[in-house]
Amino acid sequence: FEAWRRLTLRFGPKSSGRGFVQAVKLGTPKQCKIEDLAEGILSWETEVSQYEDTSSQIYPEQHKQAAIMTMCPPALTDHITLNADSYVSYEDLRFK
């Protein structure tokens, strides 16, 4: 573990530039086909966790909701938009 810690400190420094690039990437996920959506969301959530770990900042709830909508196919995005009142939180959107 000590070797990994040293490698991370040396080659993966925490910087504001890196955090900015990660935040931009998180805010612009690729649209998924409906059959790939669950996998896409899980992958994106892993990237959110990495961002939060490296930047020591919490990724905003509304940005998470917007990213999920960006990943959804158009028909599902329309459905979510029409029923927006029932999706108050990211968890509501994620698990309904």
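What you see is a predicted model; the values in this text were computed from it and never measured.

Q: Please clarify how the nonpolar core should be interpreted in this entry.
A: For soluble globular proteins, nonpolar side chains are generally found buried alongside one another. The biggest cluster of nonpolar side chains holds 16 residues, and the ones touching the most others in it are Leu26, Leu37, Ile41, Trp44, Tyr59, Ile68 and Met71. Broken down by secondary-structure element, the contributors of at least two residues to this core are helix H3 (37-55), helix H4 (61-71) and helix H6 (90-95). For this core, the element with the highest residue contribution is H3, accounting for five residues.

Q: What is the right way to look at the pattern of salt bridges in this model?
A: Working definition: two side chains of opposite charge can pair if their charged atoms are close together. Scanning the entire structure with this criterion turns up two salt bridges. For Lys25, the salt bridge is made with Glu47, and the minimal N-O distance between the two is 3.9 Å. With Lys25 in helix H2 (residues 16-27) and Glu47 in helix H3, this pair connects stretches of sequence that are 22 residues apart. You can call Lys25 exposed: its relative accessible area is 53%.

Q: What is the right way to look at the packing of aromatic side chains in this model?
A: For any two aromatic rings, the description comes down to two numbers: the centre-to-centre distance and the angle of the planes. Following the criterion strictly, the structure yields three aromatic pairs and no others. Pairing Trp44 with Tyr90 gives two aromatic rings, centres 6.3 Å apart and planes at 45°, and the pair type is tilted. You can see Trp44 sitting in helix H3 and its partner Tyr90 sitting in helix H6, a full 46 residues away along the chain. Taking the relative accessible area as the measure of exposure, Trp44 reaches 4% and is therefore buried. Counting every residue linked through ring pairs, the aromatic cluster contains Trp44, Tyr51, Tyr59 and Tyr90.

Q: What am I meant to see in the environment of Ile41 here?
A: With respect to the element layout, Ile41 can be found in helix H3. On the basis of relative accessible area, Ile41 is assigned to the buried category, the value being 9%. Sequence separation between Ile41 and Pro29 is twelve residues, and the spatial gap between their C-alpha atoms is 9.4 Å. In this structure Ile41 touches Ile68, Met71, Tyr90 and Arg94, once residues within four positions along its chain are discounted.

Q: What's the story with the packing of H3 against H4 in this structure? I'm lost.
A: The relative placement of two packed helices is expressed as an angle between their axes plus a distance between the axes. Relative orientation of the contacting elements H3 and H4 amounts to 150°, with a least axis distance of 11 Å. It follows that H3 is roughly antiparallel to H4 by the angle criterion. In terms of crossing hand, the pair formed by H3 and H4 is right-handed. Across the interface between the two elements, Leu37, Gly40, Ile41, Trp44, Val48 and Glu52 from H3 touch Lys64, Ala67, Ile68 and Met71 from H4. A class-by-class count of the residues in the contact of H3 with H4 yields seven nonpolar, one polar and two charged.

About the criteria used
Residues numbered from 1 in each chain as written. Predicted model: local features only at pLDDT ≥ 70, side-chain atom pairs only at ≥ 80, totals over all residues. Heavy atoms only, no water. Core = buried A, V, L, I, M, F, W, Y, C linked by side-chain atoms within 4.5 Å. Buried < 20%, exposed > 50% of the residue type's maximum accessible area, 1.4 Å probe, protein only. Helix = DSSP H or I, 4+ residues; strand = E, 2+ residues; numbered from the N terminus. Salt bridge = Lys/Arg side-chain N within 4 Å of Asp/Glu carboxyl O. Phe/Tyr/Trp six-rings, centres within 6.5 Å; stacked < 30°, edge-to-face > 60°. Contact = heavy atoms within 4.5 Å. Axes fitted to C-alpha atoms, helices over the stretch in contact; angles between N-to-C directions. Parallel < 35°, antiparallel > 145°, perpendicular 65-115°, else oblique. Left-handed = near helix turned anticlockwise from the far one by under 90°. Nonpolar A, V, L, I, M, F, W, Y, C, P; charged D, E, K, R; others polar.

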